[in-house]
Amino acid sequence: MILLRMLLYLVISLVTLFLVILLGQRGAWYFAWVLGTVMIVLIAAAGGALLDAQEEAKQSGQ
Amino acid sequence: MHSLQTVVDLSRWQFAATALYHFLFVPLTLGLSFLLAAMETVYVTTGRKIYKDMALFWGKLFAINFALGVATGLTMEFQFGTNWSQYSRFVGDVFGAPLAIEGLMAFFLESTFVGLMFFGWDRMSRGKHLLVTYMVALGSNLSALWILVANGFMQSPREAVFNPVTMRLELTSFADLIFSGDAQAKFVHTSIAGYVTAAMFVAGISGWYMLRNRHMELAKRSFRMAALFGVFASIGVISLGDALGFIDGGAQPAKLVAMEAMWKTRTPPAGFNVIAFPSQKQQRNLYEIQIPKLLTPLVTRTMDTVIPGADEVENQAMVRMKDGIPAVLALKTLSADPTNQPALAQFKAHEQDMGYALLLKRYAPDLRAATPADYQRAARAVIPNVAVIFWSFRVMVLAGFSMLFYLGVAAYCSLNNRVQDRRWLLKLAPWLIPAPFIACEAGWLVAEMGRQPWTVYGVLPTWMSVSTHSVGYLVFSLTGFVLIYSAFIVVEAYLMLKFIRKGPDEGRLAAPLH
Amino acid sequence: MELYAVLKITWWLLLGVLLIGLAVMVGMDMGIGAALRYFGRTDGERRAVLNMIGPHWDGNQVWFILGGGAVFAAWPTIYATAFSGLYIVMLLLLWSMIIRPLGFEYRSKLPSPSWRNLWDWGLFVSGLLPMVIFGAAIGNMLLGVPFHFNWYLESWYTGSFISLFNPFAILCGLMSLLLALYQGSAMVMNRGEGAVRERARRLGTWAGLLALALFTAGGFWVARLSGYVVTSGDDPAGPAMPLRKIVEMVQGAWLHNFSAYPVLWLVPGLTYVGVLAGVWALRRGWSHFGWWLGALGWIGTIGTVGAAMFPFMMPSSSNPSQSLTVWDASSSQTTLLWMLGWTIVFVPIVLIYTSWAFWIMRGKVTPAHVEGNDHAY
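On a predicted model such as this, the values are computed, not experimentally measured, just so you know. (Residues numbered from 1 in each chain as written. Chains lettered and ligands numbered in written order. Predicted model: local features only at pLDDT ≥ 70, side-chain atom pairs only at ≥ 80, totals over all residues. Heavy atoms only, no water.)

Participant: What should I look at first to understand the overall build of chain B in this one?
Facilitator: Counting its secondary structure elements, chain B contains 17 helices and six strands. Seen through its principal axes, chain B has C-alpha atoms that stretch 75 × 50 × 40 Å. The 514 residues of chain B split such that 64% are buried. Put simply, of all contacts in chain B between residues at least 6 apart along the chain, 77% involve residues at least 24 apart. Roughly 18100 Å² of accessible area belongs to chain B as shown, and the carbon and sulfur atoms make up 65% of that amount. Charge-centre separation for chain B: the mean point of 43 positive side chains lies 9 Å from the mean point of 33 negative side chains. (Helix = DSSP H or I, 4+ residues; strand = E, 2+ residues; numbered from the N terminus. Buried < 20%, exposed > 50% of the residue type's maximum accessible area, 1.4 Å probe, protein only. Contact = heavy atoms within 4.5 Å. Areas by Shrake-Rupley, 256 points an atom, 1.4 Å probe, with all protein chains shown as cover. Lys, Arg positive; Asp, Glu negative; His and termini not counted. Charge placed at Lys NZ, Arg CZ, Asp CG, Glu CD.)

Participant: Can you walk me through the pairing of strand β1 (residues 160-163) of chain B in this structure?
Facilitator: Within a regular strand, the side chains alternate between the two sheet faces. Residue and element names in this part refer to chain B. Going residue by residue along β1, you find Ala160 and Phe162 tucked away on one face and Val161 and Asn163 left uncovered on the opposite face. Across four bridges, β1 lies against strand β2 (residues 168-171) in antiparallel orientation. Residue pairing across strands places Phe162 opposite Leu169, the latter belonging to β2. The antiparallel hairpin formed by β1 and β2 contains four residues in its connecting segment, where Met167 sits at a positive phi of about 60 degrees. (Pairing = 2+ DSSP bridges.)

Participant: Can you walk me through the pattern of salt bridges in this structure?
Facilitator: Pairing is possible between side chains that carry opposite charge, provided their charged atoms lie close to one another. All names here are of chain C. In the structure shown here, the tally under the stated rule is 25 salt bridges over all chains. Across the pair Arg46 and Asp120 runs a salt bridge whose closest N-O atoms are separated by 3.5 Å. Residue Arg46 is located in helix α3 (residues 43-53), and its partner Asp120 is located in helix α7 (residues 113-143); the two are separated by 74 residues in the primary sequence. A salt bridge links Glu198 to Arg201; its shortest N-O distance comes to 3.1 Å. Residue Glu198 and its partner Arg201 are both found in helix α9 (residues 194-224); the two are separated by three residues, about one turn of the helix. The network of salt bridges with shared partners includes Arg37, Asp43, Arg46, Arg107, Arg116 and Asp120. (Salt bridge = Lys/Arg side-chain N within 4 Å of Asp/Glu carboxyl O.)

Participant: Would you mind showing me how to read empty space enclosed by the protein here?
Facilitator: Gaps between atoms show up when a probe of the same size as a water molecule is rolled over them. In this structure the tally under the stated criterion is five cavities of 30 Å³ or more. Roughly 60 Å³ of internal volume is contained in the second largest cavity. At the level of secondary structure, the elements contributing two or more residues to the lining of the second largest cavity comprise α2 (49-83) and α3 (85-119) of chain B together with α4 (57-74) of chain C. With four residues, the top contributor of residues to the lining of the second largest cavity is α3(B). (1 Å grid on protein atoms, 1.4 Å probe; cavity = no way out; pocket = protein on both sides within 12 Å on 5 of 7 lines; lining within 4 Å. Points joined across faces, edges and corners; volume = space filled by probe spheres on them.)

Participant: Would you take a moment to explain the interface of chain B and chain A for this structure?
Facilitator: Interface size is often expressed as the accessible area that is lost when the parts come together. If you look at the interface, chain B gives 36 residues, while chain A gives 24 residues. Taken together, both faces of the contact between chain B and chain A bury some 2600 Å²; the carbon and sulfur share is 67%. On the chain B side of the interface with chain A, the three residues burying the most area are Phe179(B), Gln184(B) and Arg224(B), jointly 21% of the side's total. Connecting chain B to chain A are four salt bridges. For Arg221(B), the salt bridge is made with Asp52(A), and the minimal N-O distance between the two is 2.6 Å. Where the side of chain B that touches chain A is concerned, the elements lending two or more residues are α1 (2-46), α4 (126-155), α5 (174-178), α6 (181-211) and α7 (216-251) of chain B. (Buried area = accessible area lost by both parts, 1.4 Å probe.)

Participant: What exactly am I supposed to notice about helix α11 (residues 266-284) of chain C here?
Facilitator: Counting along an α-helix, one turn takes 3.6 residues, and residues three or four places apart therefore face a common direction. Residues and elements named next belong to chain C. In a regular helix each residue adds 1.5 Å, so 19 residues correspond to 27 Å; α11 covers 26 Å between its end C-alpha atoms and thus fits that length. Residues of α11 that are buried: Val267, Pro268, Thr271, Gly274, Val275, Gly278, Val279, Ala281 and Leu282. The buried residues of α11 occupy one face: seen down the axis, they fall within an arc of 165 degrees. In α11, the exposed residues that point more than 90 degrees away from the buried face are Leu266, Val273 and Arg284. Where α11 is buried, its residues meet α8 (167-191), α9, α10 (256-260) and α12 (287-309). In the stretch just after α11, Gly285 is the one whose phi turns positive, near 90 degrees. (Expected span 1.5 Å × (residues − 1). Arc of directions from axis to C-beta.)

Participant: I would appreciate a short explanation of unusual backbone geometry in the present structure.
Facilitator: Glycine aside, residues mostly have negative phi, and peptide bonds are mostly found in the trans state. All names here are of chain B. The omega torsion across Gln452 and Pro453 is 5 degrees, close enough to zero to call that bond cis. Of note, the phi angle at His215 is positive, near 45 degrees, even though the residue is not glycine. Inspection of the secondary structure assignment puts His215 in the loop between α6 and α7.

Participant: Got a minute to help me understand the domain arrangement of chain B in this structure?
Facilitator: Residue and element names in this part refer to chain B. Splitting chain B by domain gives domain 1 (2-252 + 384-505) and domain 2 (263-383). Between the C-alpha centres of domain 1 and domain 2 there is a distance of 32 Å. The partner domain 2 presents 30 residues to the 24 residues of domain 1 that form the contact. Note on domain 1 versus domain 2: buried area summed over both sides is about 2300 Å², and carbon and sulfur give 68% of it. (Domains from an automatic or database assignment.)

Participant: Hey, could you run me through the arrangement of the chains in this one?
Facilitator: Where the two pairs of chains in contact are concerned, the greatest contact count is recorded for chains B and C. Nothing in chain A touches chain C, and the closest approach of their C-alpha atoms is 16 Å.

Participant: How should I be thinking about the side chain of Glu105(C) in this particular structure?
Facilitator: With respect to the secondary-structure elements, Glu105(C) resides in helix α6 (residues 87-106). Excluding its chain neighbours within four sequence positions, the residues that come into contact with Glu105(C) are Ala63(B), Ala67(B), His375(C) and Tyr377(C).

Participant: Got a minute to help me understand the interface of chain B and chain C in this structure?
Facilitator: Contacts between the two partners involve 88 residues from chain B and, on the opposite side, 84 residues from chain C. Where chain B abuts chain C, roughly 8100 Å² becomes buried across the two surfaces, and 73% of that area is made up of carbon and sulfur atoms. Summed over the shared surface of chain B and chain C, the number is zero salt bridges. Summed over the shared surface of chain B and chain C, the result is 19 residue pairs in polar contact (both at pLDDT 80 or more). No other element matches the 26 residues that α3(B) contributes to the side of chain B that touches chain C. Among the residues making up the side of chain B that touches chain C, the classes are represented as 54 nonpolar, 22 polar and twelve charged. (Polar contact = N/O pair within 3.5 Å; in protein donor to acceptor, adjacent residues only side chain to side chain. Nonpolar A, V, L, I, M, F, W, Y, C, P; charged D, E, K, R; others polar.)

Participant: Explanation requested: the nonpolar core in the structure shown.
Facilitator: Generally speaking, nonpolar side chains in soluble globular proteins are found buried as a group. Formed by 328 residues in total, the largest nonpolar core has its most connected members in Trp58(B), Phe95(B), Phe153(B), Phe201(B), Met321(B), Trp75(C) and Tyr106(C). With 21 residues, α3(B) is the single largest residue contributor to this core. Inspection of this core shows a minimum of three residues originating in each of domain 1 (2-252 + 384-505) and domain 2 (263-383) of chain B. Every residue in contact with Met321(B), bar those within four places of it in the chain, is listed here: Tyr356(B), Ala357(B), Leu359(B), Leu360(B), Tyr375(B), Ala378(B), Ala379(B) and Val382(B). (Core = buried A, V, L, I, M, F, W, Y, C linked by side-chain atoms within 4.5 Å.)

Participant: Can you help me understand the packing of α6(B) against α7(B) in this one?
Facilitator: Helices that pack against each other are described as a pair by the angle of their axes relative to one another and the distance between those axes. All names here are of chain B. Viewed as axis vectors pointing N to C, α6 and α7 meet at an angle of 155 degrees, and their least axial separation amounts to 6 Å. The angle between α6 and α7 falls in the class roughly antiparallel. Here α6 runs over α7; the crossing is left-handed. Partitioning the contact of α6 with α7 into residue classes produces 21 nonpolar, eight polar and four charged. (Axes fitted to C-alpha atoms, helices over the stretch in contact; angles between N-to-C directions. Parallel < 35°, antiparallel > 145°, perpendicular 65-115°, else oblique. Left-handed = near helix turned anticlockwise from the far one by under 90°.)

Participant: How should the packing of aromatic side chains be read in this particular structure?
Facilitator: Where two aromatic rings form a pair, the distance of their centres and the angle of their planes describe that pair. Tallied over the full model, the rule gives 61 aromatic pairs over all chains. Seen from their ring centres, Tyr87(B) and Phe95(B) are 5.3 Å apart, and the 75 degrees between their planes marks the pair as edge-to-face. Both residues of the pair, Tyr87(B) and Phe95(B), count as buried. In textbook terms, an aromatic cluster arises when at least three aromatic residues are bridged by ring pairs, as seen for Phe15(B), Phe78(B), Phe80(B), Tyr87(B), Phe95(B), Phe64(C), Phe72(C), Tyr79(C) and Phe83(C). The residue whose ring lies beneath Arg394(B) is Phe390(B), and the NZ or CZ to ring-centre distance is 3.6 Å. (Phe/Tyr/Trp six-rings, centres within 6.5 Å; stacked < 30°, edge-to-face > 60°. Lys NZ or Arg CZ within 6 Å of the ring centre and 35° of its normal.)

Participant: Any chance you could explain the environment of Glu312(B) here in plain terms?
Facilitator: Here Glu312(B) is to be found in helix α10 (residues 310-336). Considered as a pair, Glu312(B) and Ile484(B) are 172 residues apart in the sequence and their alpha carbons are 45 Å apart.

Participant: Mind showing me how you'd approach the packing of α2(B) against helix α5 (residues 76-85) of chain C here?
Facilitator: Put simply, α2(B) and α5(C) touch, their axes get as near as 6 Å, and they point 90 degrees apart. Overall, the two elements α2(B) and α5(C) adopt an arrangement that is roughly perpendicular. For the pair formed by α2(B) and α5(C), the contact residues are Glu77(B), Phe78(B), Phe80(B), Gly81(B) and Thr82(B) on the first element and Tyr79(C), Ala80(C), Phe83(C) and Ser84(C) on the second. Taken together, the residues of the contact of α2(B) with α5(C) break down into five nonpolar, three polar and one charged.

Participant: Before we go on, may I ask you to explain the layout of surface pockets in this structure?
Facilitator: Each pocket or cavity is described by its volume, and for the second largest pocket that value is around 1700 Å³. Taken together, 44 residues form the lining of the second largest pocket, with Leu19(A), Val34(A), Met105(B), Leu138(B) and Leu142(B) sitting closest to its centre. Looking at the lining of the second largest pocket, the elements with two or more residues in it are α1 (2-26) and α2 (28-61) of chain A, α3, α4 and α5 of chain B together with α13 (333-360) of chain C. For the lining of the second largest pocket, the residue count by class is 39 nonpolar, three polar and two charged.

Here it is as structure tokens:
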């Protein structure tokens with residue numbers, strides 16, 4: 001079951017990768033939008049998580 | 001003629017007013033949906049409840065904004081047909097397709113999942129709900145994609161050809177429609193402008209809370225995430241804006257003339273007008289402050305390419321008007337007899353300039369009798385309103401760079417975890433909330449007013465695009481829109497401010513009636 | 001048959017599917033909006049009723065938006081001619097429809113009774129008016145609309161605004177409203193309890209039976225109407241050019257298709273079967289079944305109009321030869337083909353996630369449930 005699910009994820013990611021490469025050849029800016037959006041969402045999320053780490057460090061330091 | 005002019009003007013006012021109004025709500029939806037998804041991502045990965053509170057609180061403001069975006073979006077869908085019916089018939093074969101796909105692919109996704117996003121918190125696993133939120137964000141941005149694909153066609157129509165048998169433009173390549181450079185750059189520019197709008201909105205309100213020492217935990221985290229989200233988005237908006245300017249300026253020299261208030265063609269490298277007071281009537285700037293040699297490298301990426309000024313653009317337009325006349329004359333013959341070979345040959349030979357002859361037709365209804373004065377007037381009309389576009393462009397750029405600067409500093413201070421001590425930074429935040437909205441509206445003006453006098457650049461003039469209405473119809477509809485839209489904005493602003501003041505912890509949003 | 005002709009027929013059928021989707025899904029929401037103050041006597045009950053469709057109204061509304069978009073893409077001449085010709089009616093439709101999103105989203109945000117009453121009436125107007133206009137528009141298509149084209153196909157509407165509200169159109173409008181009330185009642189029965197459910201059962205019964213009465217009356221009326229007949233020159237595979245055919249108005253012509261193909265009588269039969277069986281199901285309390293039977297009723301109704309008018313889509317009463325038909329009002333072959341591709345890929349996906357959304361939000365909605373929910377309308 002786990003194996004099957006992993007296989008499914010693998011297939012999905014391969015298909016996505018393939019589509020994105022296709023997209024990149026025709027539409028450089030669309031490709032940039034996909035990459036850029038993923039990147040800034042993740043950066044914003046990481047920034048939030050980092051704040052929690054900073055707060056904890058401050059509290060344990062005091 | 002007089003009444004046609006009034007109908008054209010009123011139809012333009014109505015479209016511009018309703019589109020600008022709609023565009024007050026759209027950018028926030030585009031960006032806030034992804035920012036909500038980012039907050040929820042932290043909630044799902046770390047399990048900290050504060051991030052769910054954030055997603056819920058900002059989600060409430062999102063909902064208030066979203067309802068008006070949906071409502072005013074309906075108007076846009078109607079208006080092509082009600083007020084621009086000749087345009088709709090003329091380009092529906094090309095322009096209608098992305099609009100239909102927008103509904104099929106994007107609106108269904110966004111609207112179906114937005115209900116689950118609001119109502120489904122307790123009905124599915126965290127992971128599934130996160131997926132739902134991402135689908136809302138994806139759906140709203142896909143709708144922006146398709147409407148801007150349609151708009152890209154209006155700006156640089158290269159994927160369609162006029163069919164004299166059906167008297168309209170017909171699609172030749174679907175791929176060219178989707179992948180037109182204009183559509184691509186404009187979609188990314190607009191979508192990311194929405195991200196900046198949401199970032200400034202969230203940062204502004206969070207700053208206001210922190211200043212009052214309210215909801216500190218929520219505000220600090222929201223501010224940090226918004227600042228990071230916004231600073232990268234700002235960089236993207238500015239670089240894509242530059243790319244869009246390059247593409248659009250190449251495709252539409254008249255728009256470039258208006259953006260830079262450049263009346264005369266100058267020997268390269270031309271100077272850049274920082275400030276100018278253009279006079280459309282005298283075709284010159286009454287006053288200007290110029291940085292020498294800057295414009296040519298900015299616009300062409302070279303030092304020696306000639307950028308056509310208004311004089312050159314007008315001259316070229318006159319040549320094309322003259323060349324297009326035989327095509328329009330042939331059409332009349334073809335409408336009665338589509339197999340007439342000489343007429344077909346005449347049409348084919350002059351097809352590429354037909355739009356310019358149609359533009360001239362407004363000043364010379366009988367094209368064969370067009371006088372030099374008619375040509376002159378039509379040529380003047382090729383240059384859009386320079387003062388409005390020149391200044392809108394500068395307002396947009398200034399607002400863009402101010403936000404980049406502010407968000408950069410904000411992200412830096414927030415990463416140091418010192419933002420709550422920087423009172424000036426927090427005080428500034430709410431005052432900057434209007435900046436992205438102003439920038440978005442100004443950007444619309446540059447792009448769409450700068451396209452005038454065309455609805456489809458170089459192909460279909462605006463005056464030929466309107467419906468055959470009486471002035472009374474337009475007065476009726478404009479009055480209705482003004483009344484309804486004014487009432488709506490008052491209600492929306494009231495609710496928005498009320499729920500911002502109330503803040504996240506003050507109990508349930510929809511209080512029971514006692 | 002040539003590909004272009006096949007594509008035109010396919011898109012005519014798809015337009016029918018979209019109109020049915022619109023009528024069933026948006027009609028259900030509008031029926032609920034129009035009868036909100038009947039279904040719910042207290043604020044709690046009204047909120048419960050609103051929240052039954054709260055998660056879905058926005059998605060349902062896309063059927064309407066997509067309907068407009070598909071007409072634009074596949075039938076641009078009809079989109080342009082109908083929307084501009086029926087200008088005032090279209091604006092009334094639009095203005096009543098844009099109150100709805102705010103009605104749902106803003107109504108319960110403030111605890112003031114007068115505020116909520118105001119939005120209740122807003123929802124009433126934005127449920128009643130669009131459904132009447134929707135039906136009246138279809139009625140006017142059966143009658144023909146006074147418009148003509150000039151040589152480069154600019155359309156001119158020559159009728160008055162009031163003439164669009166003629167008795168036959170109003171009959172069609174009321175029938176459409178009644179079917180919407182039926183569909184809304186079935187939904188409220190699905191997700192409501194107690195008194196609310198009882199009121200919905202009563203309204204659904206009466207709305208269904210009255211709708212059938214109007215449908216029957218409309219049928220006899222149509223038989224006496226002047227229909228339209230193409231007498232020459234409308235090539236199914238020809239270009240989208242509506243100026244090169246000859247059309248005559250003949251009394252009773254809308255029944256010609258039925259006499260040529262008697263099997264078509266099954267289509268109006270569907271309306272009777274659907275609504276009668278639906279009313280019976282609602283009486284028995286099987287409201288889910290009743291909902292689907294109501295949808296069958298809509299299929300029969302819209303199918304009947306389509307079967308009667310084919311190949312006409314928007315006949316011109318002032319210049320019949322310039323009427324718009326399936327053969328001469330569509331997009332080019334390229335566009336129809338591309339759009340068909342997108343439809344084949346995306347419609348199943350849409351249906352899957354829409355069903356999933358209804359499945360997730362299934363179950364009863366009560367006033368108590370609404371009070372305890374954070375985002376409830």
